[in-house]
Amino acid sequence: MEIAVVSELAAGAAYDALVVLGGDGSVHRQLFTAVAAQIPVLCVPTGSGNDFARALGLARVADSLLAWRKFCSSGDNVRMIDLGEITCAPAAGSPQPSTTTKTLYCCVAGVGLDSEVNRRANRLPSWLRGHGGYVLSLPGALLGFQAPEITLELIDGNGPRRIEERAMLVAFANAQSYGHGMRIAPRARLDDGKLDMCFVRRTSRLRLLRLFPTVFSGGHLSLPEIEYAHCSAVTLRSDRPLDIFGDGEYIGRTPAEIRVRPRAMPVIAPEQNGFSSK
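Residues numbered from 1 in each chain as written. Predicted model: local features only at pLDDT ≥ 70, side-chain atom pairs only at ≥ 80, totals over all residues. Heavy atoms only, no water.

### Overview of the pairing of strand 9 (residues 195-201)
Link 1 in the chain: Within strand 9, six of the seven residues are buried, which leaves it mostly tucked inside the rest of the structure.
Link 2 in the chain: Two strands pair when backbone bridges link them, and strand 8 (residues 159-173) and strand 9 are joined in this way by six bridges, in the antiparallel orientation. Looking at strand 9, one finds that Ala171 is bridged to Cys198.
Link 3 in the chain: Relative to strand 10 (residues 226-238), strand 9 runs antiparallel, the two being bridged by six bridges. Note that in strand 10 the partner of Val200 across the bridge is Ile226. (Buried < 20%, exposed > 50% of the residue type's maximum accessible area, 1.4 Å probe, protein only. Helix = DSSP H or I, 4+ residues; strand = E, 2+ residues; numbered from the N terminus. Pairing = 2+ DSSP bridges.)

As structure tokens, this is what we get:
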């Protein structure tokens, strides 16, 4: 059995699997390599968030070990999953300001308040990020936050749609959760060929704080502030450049195009958790 460390892939070499030890950010940084190689990826959840690993049914290192043993014995626990793809403007001060960048993500991408929370949480020690770092960063991010005007043009099951209003945040989810267990998109599936868009309309800071706990259960979808849709492609614009984060990592700035890459990457998983089909 040939196992590859993704940073050491050799062109033309034959590998049976890629193993990524870490959290969502570690997986995120290897997506282009993993997609190009088209070799089954095993996630071992040793990071601070691990939402993507949990979406695969790999909540503990022991789960990854069991999945690995099954892969070695039968190889019938490989699933093809979708990924999100973002094409966006580079950051201010980029040496090539006129070019665009293309990035893949596996879990959730978003703009607005959650980007500011991500930025603050990423400054915390890793042990604290994994024990409520997102929640701890929310109040400080809310203090100076001004809801931007967001324009979305998306394609869902009913055809083209347009949303244009002020928003607290907008998330584009491939998996159900981010931020260490916040189920922003409880209806998301990793292999349905869709991204789940969650648009949170502008509301007061106090109401947002009061409603925030509902995101951990997925109960926020019934709130009037929420617009939720399954979509395959989105054009995102805003009244000012907004930072985009994906899988907890900085991606770029608006405007951006976000779309799904169906069945883009093979993964090793223990069961059908988070999947719509084999």
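Next comes the rest of the write-up.
### Regarding the pairing of strand 7 (residues 149-156)
Link 1 in the chain: For strand 7 and strand 8, the ladder comprises eight bridges, and the chain directions are antiparallel. When the sheet's bridge partners are listed, Ile155 is paired in strand 8 with Pro160.
Link 2 in the chain: Turn length for the strand 7-strand 8 hairpin, with the two strands adjacent in sequence and antiparallel, is two residues.
Link 3 in the chain: Bridge count between strand 7 and strand 10: seven bridges; the pairing is antiparallel. Bridge pairing in strand 10 links Ile150 to Ser238.

### So, the environment of Leu190
Link 1 in the chain: On the secondary structure map, Leu190 appears in the loop between strand 8 and strand 9.
Link 2 in the chain: The exposure class assigned to Leu190 is buried, which follows from its relative accessible area of 2%.

### Quick look at the state of the cysteines
Link 1 in the chain: The full count for this structure, using the stated rule, is zero disulfides.
Link 2 in the chain: Free cysteine: Cys43, not disulfide-bonded; nearest cysteine sulfur from Cys106 at 7.1 Å.
Link 3 in the chain: Given the relative accessible area of 2%, Cys43 is considered buried. (Disulfide = S-S within 2.5 Å.)

### Quick notes on the packing of aromatic side chains
Link 1 in the chain: For the coordinates displayed, the defined rule picks out three aromatic pairs.
Link 2 in the chain: On the basis of an interplanar angle of 35 degrees and a centroid distance of 5.6 Å, the ring pair of Trp68 and Phe71 is categorised as tilted. Separated by three residues within a single helix, Trp68 and Phe71 lie in helix 4 (residues 61-73), roughly one turn from each other. In this structure, Trp68 and Phe71 share a single accessibility class: buried.
Link 3 in the chain: Ring centres 5.6 Å apart and planes at 90 degrees place the aromatic pair Phe212 and Phe216 in the edge-to-face group. (Phe/Tyr/Trp six-rings, centres within 6.5 Å; stacked < 30°, edge-to-face > 60°.)

### A short note on the environment of Tyr250
Link 1 in the chain: With respect to the helices and strands, Tyr250 occurs in strand 12 (residues 249-268).
Link 2 in the chain: Here the alpha-carbon distance between Tyr250 and Gly25, two residues 225 residues apart in the chain, equals 10.0 Å.
Link 3 in the chain: A polar atom in the side chain of Tyr250 sits 3.5 Å from the backbone oxygen of Gly252. (Polar contact = N/O pair within 3.5 Å; in protein donor to acceptor, adjacent residues only side chain to side chain.)

### Notes on the environment of Gly75
Link 1 in the chain: Its place among the elements puts Gly75 in the loop between helix 4 and strand 4 (78-89).
Link 2 in the chain: Gly75 gets classed as partly exposed once you look at its relative accessible area, which sits at 32%.
Link 3 in the chain: As for Gly75 and Ile268, which are separated by 193 residues in sequence, their C-alpha atoms are 8.7 Å apart.

### So, unusual backbone geometry
Link 1 in the chain: Following Thr254, the chain continues into Pro255 via a peptide bond in cis, with omega recorded as 5 degrees.
Link 2 in the chain: Of note, Asn50 is a non-glycine position whose phi angle comes to about 65 degrees, a positive value.
Link 3 in the chain: With respect to the helices and strands, the residue Asn50 is situated in the loop between strand 3 (41-45) and helix 3 (51-55).
Link 4 in the chain: Phi at Arg263 is positive, roughly 45 degrees, even though this residue is not glycine.
Link 5 in the chain: Mapping Arg263 onto the fold places it in strand 12.

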